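So the chains spell out like this:
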Amino acid sequence: MHPYPHSYRANANGTGVGPVVLSATGLPDLDTAPPVEFGGPGGAWSPETLLVAAVADCFILTFREVARAGNLAWGSLQCTVEGTLDRVAGVTRFSRYLTTVALTLAPGADAALARSLLEKSEKICLVSNSLTGERDLKIHITEPTA
């Protein structure tokens, strides 16, 4: 890992109508639009969906490293994040993030250790830690049958 601080840069380009195009050096462009709830067309990534997707992505990437350090053998992890957008004290913001994870363990893996590492991953995810709003974690663990 590189020493801190790290710096990340992204660009957005748009006109009065149509998609906003996100870009960053070395990455494919991404078209975005407002969500349906804000009068958008639907069918496109929006700032709102990108935000909750970043939480889900960060969770899995964090868990990979935490599980590696904890010597946990696992097969797959699905992460769904539901962000609640609300008016709080006159400001529109995300007030809650519900992260639901479904982990499939490798044969012989310790389910108690897995739960502990999932909880740790939620606590140290840098994207989640950068946001305000309540955070809740629901864990489902599947152990392989013999």
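For the structure itself, look to the data block above.
Note that this is a predicted model, so its numbers are computed, not measured. (Residues numbered from 1 in each chain as written. Predicted model: local features only at pLDDT ≥ 70, side-chain atom pairs only at ≥ 80, totals over all residues. Heavy atoms only, no water.)

The number of helices and strands found in the protein is 3 helices and 6 strands. Walking the protein from its N terminus toward its C terminus, one meets helices and strands in the order β-β-β-α-β-β-α-α-β. Along the longest, intermediate and shortest principal axes, the C-alpha atoms of the protein span 60 × 35 × 30 Å. By residue count, 25% of the 146 residues in the protein fall in the buried class. Counting contacts in the protein only where the partners sit at least 6 residues apart, residues at least 24 apart contribute 52% of the total. Of the roughly 9,700 Å² that the protein leaves accessible, carbon and sulfur atoms contribute 56%. Where the 11 positive side-chain charges of the protein centre and where its 14 negative ones centre are 6 Å apart. (Helix = DSSP H or I, 4+ residues; strand = E, 2+ residues; numbered from the N terminus. Buried < 20%, exposed > 50% of the residue type's maximum accessible area, 1.4 Å probe, protein only. Contact = heavy atoms within 4.5 Å. Areas by Shrake-Rupley, 256 points an atom, 1.4 Å probe, with all protein chains shown as cover. Lys, Arg positive; Asp, Glu negative; His and termini not counted. Charge placed at Lys NZ, Arg CZ, Asp CG, Glu CD.)

Once that is clear, we can look at the sheet that holds strand 3 (residues 30–32). Paired through their backbone hydrogen bonds, the strands of a sheet run either parallel or antiparallel. Across the sheet, 3 strands lie side by side as 1-2-3; this open sheet has antiparallel pairing. Among the strands making up the open sheet, the edge pair consists of strand 1 (11–13) and strand 3. Looking at each pair of strands side by side, their axes are set apart by 30° on average, direction ignored. Where strand 1 meets strand 2 (residues 20–23), 3 bridges bridge the pair, whose relative direction is antiparallel. Within strand 2, the position partnered with N13 by the bridge is V21. (Pairing = 2+ DSSP bridges. Axes fitted to C-alpha atoms, helices over the stretch in contact; angles between N-to-C directions.)

Another aspect to go through is the pairing of strand 4 (residues 74–88). Bridge analysis of strand 4 against strand 5 (residues 91–105) gives 14 bridges, and the strand direction is antiparallel. Across the sheet, residue G83 finds its bridge partner in strand 5, namely Y97. What sits between strand 4 and strand 5 in their antiparallel hairpin is a turn of 2 residues, with A89 showing a positive phi close to 55°.

Once that is clear, we can look at the nonpolar core. Grouped together as the largest cluster of nonpolar side chains are 21 residues, with contacts concentrated most on F63, L72, L103 and L118. Among the secondary structure elements, those contributing two or more residues to this core are helix 1 (47–69), strand 4, strand 5 and helix 2 (111–124). Considering every element that reaches this core, the biggest residue donor is helix 1, with 7 residues. When sequence neighbours within four positions are dropped, the list of residues in contact with L72 reads F63, A67, L103, L105, A109, D110, L113, A114 and L117. (Core = buried A, V, L, I, M, F, W, Y, C linked by side-chain atoms within 4.5 Å.)

The next subject is the sheet that holds strand 6 (residues 134–142). If you walk across this open sheet you meet the 3 strands as 4-5-6, and the pairing is mixed. Edge positions in the sheet fall to strand 4 and strand 6, since each of these pairs with one other strand and no more. Adjacent strand axes in the sheet meet at a mean angle of 15°, parallel and antiparallel pairs treated alike. The strands that helix 1 touches are strand 4, strand 5 and strand 6; relative to strand 4, the one it contacts most, it runs at about 145°.

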